[in-house]
Amino acid sequence: MAAGLALLGTEGAGEVQTPVRGAAASALHVGDRVWMRHAKAGELCERFETVHVVSGSTLVESVPTYRGEGKTFG
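On to the environment of Glu69. For Glu69, the position within the fold is in the segment after strand S4 (58–64). Taking the C-alpha atoms as reference points, Glu69 and Glu49, 20 residues apart in sequence, are found 7.6 Å from one another. Polar side-chain contacts of Glu69 include one of 3.4 Å to the side chain of Lys71.

Of note, Thr65 is situated in the segment after S4. A relative accessible area of 4% places Thr65 in the buried class. Polar contacts involving the side chain of Thr65 include one to the main-chain carbonyl oxygen of Cys45, which spans 3.3 Å. Not counting residues up to four positions away in its chain, the partners in contact with Thr65 are Cys45, Phe48, Glu49, Thr50 and Val51.

A word on the pairing of strand S3 (residues 50–55). Sheet faces and side chains relate simply in a regular strand, where the side chains alternate between the two faces. Bridging between S3 and S4 involves six bridges; their strand directions are antiparallel. Looking at S4, one finds that Thr50 is bridged to Pro64. Count of turn residues in the S3/S4 antiparallel hairpin: two residues, of which Gly56 carries a positive phi of about 65 degrees.

About the thresholds
Residues numbered from 1 in each chain as written. Predicted model: local features only at pLDDT ≥ 70, side-chain atom pairs only at ≥ 80, totals over all residues. Heavy atoms only, no water. Helix = DSSP H or I, 4+ residues; strand = E, 2+ residues; numbered from the N terminus. Polar contact = N/O pair within 3.5 Å; in protein donor to acceptor, adjacent residues only side chain to side chain. Buried < 20%, exposed > 50% of the residue type's maximum accessible area, 1.4 Å probe, protein only. Contact = heavy atoms within 4.5 Å. Pairing = 2+ DSSP bridges.

Here is the structure:
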């Protein structure tokens, strides 16, 4: 999560609206993006064909998800 932000203790990251607190929160406006690590890999992997692995601002690797490999699980 962005520096200066934290999730509330009573709520985790949601699908659309996620309350955050911290020094940086006062500078946010409705519609601003806040990047977070996805908590549910299955949801991410069923919607995207590739996951990009980054370290800082460097792209380390791009790997296919199971969707990208043409697999589905029901």
